[in-house]
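Chain by chain, the residues run as shown.
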Amino acid sequence: ARATIGLTGLAVMGRNLARNIARQGHTIAVHNRTTEKMTSLVEQFGDEGDFVPTETLEEFVAAIERPRAIVIMVKAGAPTDAVIDELVPLLDPDDIVVDAGNAHYDDTVRREAALAEKDLHFVGMGVSGGEEGALNGPSIMPGGSEHAWERLRPVLTSIAAEVDGTPCTTHVGPGAAGHFVKMVHNGIEYADMQLIAESYDLLRTVGGLEPAEISQVFREWNDGDLESFLIDITADVLAHTDGDTGAPFVDVVRDAAEQKGTGRWTVQSALDLGVPVTGIAEATFARSISGHTEQRAAAAQTFGSDLARVEVDRDTFVDQVRAALYASKVVAYAQGFDQIKAGSEENDWDVDLGDMATIWRGGCIIRAQFLNRIVDAYAERADLPSLLVDPYFADAVRDGLEAWREVVATAARVGVPTPAFASSLAYFDALRRDRLPAALIQGLRDNFGAHTYGRTDREGTFHTLWAGDLSEEDQS
Ligand code: 6PG
């Protein structure tokens, strides 16, 4: 055995992660269920580092120094279980199994417990950055034990992206903390992308800009406080012309957005935790609406797809959309960080929110200049009640508020759906409201179901005798 680490599952992400590990000078055993992917990797990229090619799982396991570290990079769900089931009987106590896929954190909890019974360490590890990140430096979010982290640390810090000399990886927390945080990362990714899509839609339909011009707008935005990977690639995608038709690429793509599950899981978990992640939820539902093509066709036929016209000053409107995008983005991140905090408290993971912002600054899909401000916000105040009230972000939101309202109002008047913009604004207004109509909801609940209510003027639990003399009973 001469490999210091092994990786099985050599589809695009696994292959690139293996190359990254090899390029950093680690001897890596590589394996794939179908051998062809393994041989082609070694043939094409064998000179990038020290690969140990293996054809069977037995060979693979035997090629790795004990105690072993083995990374699995296959599809989440049943395929991951299948690999674990085959692998485990071949392992020895103290070996570490790392699942680098987009697993549901409940699966990670289950797998860690099952492997612990066999004296094996299991690490659920989020990896973000797509193909390019996997190869040149992803953001890596490992959970699992401190012991496993210490052993994996040299490899992970060497392959992760780096920002200002700090690697974009850290021990997120025990158990499934890593996969949970990666899930929320993806939820924020959904919200970010939906906000970008709404911006594009408004600039095109209300602002009258063509895709190539909108690409230019995004390029300019990318020079300011919106600077981020997603804004950057939006400019690229919008500038692209379809080779076959000569039409803007964005016009030849079917407008039904797909999803593999992480956004949906984020929303499901948020509902369980009682954390309002309205931006992420609207982004997930917006993808869902886009896929309901039959309903869309029926509604378009019934109501027509015409939009109302409003006159806007183009440059002013572009700037208003930028402000709305920024403010809504602050809301999306505020909600995502709230969810990480709640998940961490619920599971005793002790996740450091500032550290999460730190390791998302590079490598991952939501990497953005703005994460530096989030790092600062938590450094300033670790128990920040919401990112929105951090002085820096509060100022930013205040500055953009008028524009944000204008954009949402214009969209509603014209008939352009902006669920993420609108729900983020509603969230902001709800948070800052002195009295919410929730009081009336409590009254209704007490009226039809004697569900009781609290009073503003004294402690206790009260019920009004709605069917009787309307007197109030103290039920505490
Ligand atoms: C990342 C991405 C990655 C994947 C998304 C796509 O962080 O590198 O999030 O994990 O591309 O999960 O998700 P959907 O197919 O659900 O959009």
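Residues numbered from 1 in each chain as written. Predicted model: local features only at pLDDT ≥ 70, side-chain atom pairs only at ≥ 80, totals over all residues. Heavy atoms only, no water.

An unreviewed UniProt entry lists the chain under the name 6-phosphogluconate dehydrogenase, decarboxylating, from Nocardioides aquaticus. Turning to the chain, the UniProt annotation filed under Sequence similarities (unreviewed entry) states: "Belongs to the 6-phosphogluconate dehydrogenase family." (UniProt positions renumbered as here; feature names shortened; annotations may be inferred.)

**Some words on the nonpolar core**
Counting residues in hydrophobic clusters, the biggest one holds 85 residues, and the most contacted among them are W221, F337, W360, I374, L387 and W404. Of the residues forming this core, the biggest block, 15 residues, is contributed by helix 15 (residues 314-347). Those residues within four positions of W404 in sequence are excluded, and the remaining contacts are A324, A327, S328, V331, V397, F421, S424, L425 and F428. Listed in part, the 31 residues of the second largest apolar core include I21, I28, F51 and V123. (Core = buried A, V, L, I, M, F, W, Y, C linked by side-chain atoms within 4.5 Å. Buried < 20%, exposed > 50% of the residue type's maximum accessible area, 1.4 Å probe, protein only. Helix = DSSP H or I, 4+ residues; strand = E, 2+ residues; numbered from the N terminus. Contact = heavy atoms within 4.5 Å.)

**Thoughts on the sheet that holds strand 7 (residues 139-142)**
By way of backbone hydrogen bonds, the strands of a sheet pair with one another, either parallel or antiparallel. Pairing is mixed in the open sheet, where seven strands are placed in the order 3-2-1-4-5-6-7. Two strands bound the open sheet, and with one partner strand each, they are strand 3 (51-53) and strand 7. Strand-to-strand twist across the sheet, computed as the mean angle between neighbouring axes with direction ignored, equals 25°. Across four bridges, the pairing between strand 5 (residues 96-99) and strand 6 (residues 121-128) is parallel. Within the sheet, the bridge partner assigned to V97 lies in strand 6 and is F122. Helix-sheet contacts for helix 4 (residues 78-87) involve strand 1 (5-8), strand 4 (69-72), strand 5 and strand 6, and the interaxial angle to strand 4 is about 155°. Each of strand 5 and strand 6 touches helix 5 (residues 105-116); the most contacted strand, strand 6, lies at about 150° to it. (Pairing = 2+ DSSP bridges. Axes fitted to C-alpha atoms, helices over the stretch in contact; angles between N-to-C directions.)

**A closer look at the packing of helix 15 against helix 19 (residues 419-432)**
Relative orientation and spacing of two packed helices are given, respectively, by the angle between their axes and the distance between those axes. Between helix 15 and helix 19, the least distance of the axes is 9 Å, while the angle of their chain directions is 65°. Here helix 15 is positioned roughly perpendicular relative to helix 19, judged by the angle of their axes. Remark: the crossing between helix 15 and helix 19 carries left-handed chirality. The segment helix 15 lies against helix 19, with V321, A324, L325, S328, V331, Q335 and D338 engaging F421, S424 and Y427. Classifying every residue of the contact of helix 15 with helix 19 gives six nonpolar, three polar and one charged. (Parallel < 35°, antiparallel > 145°, perpendicular 65-115°, else oblique. Left-handed = near helix turned anticlockwise from the far one by under 90°. Nonpolar A, V, L, I, M, F, W, Y, C, P; charged D, E, K, R; others polar.)

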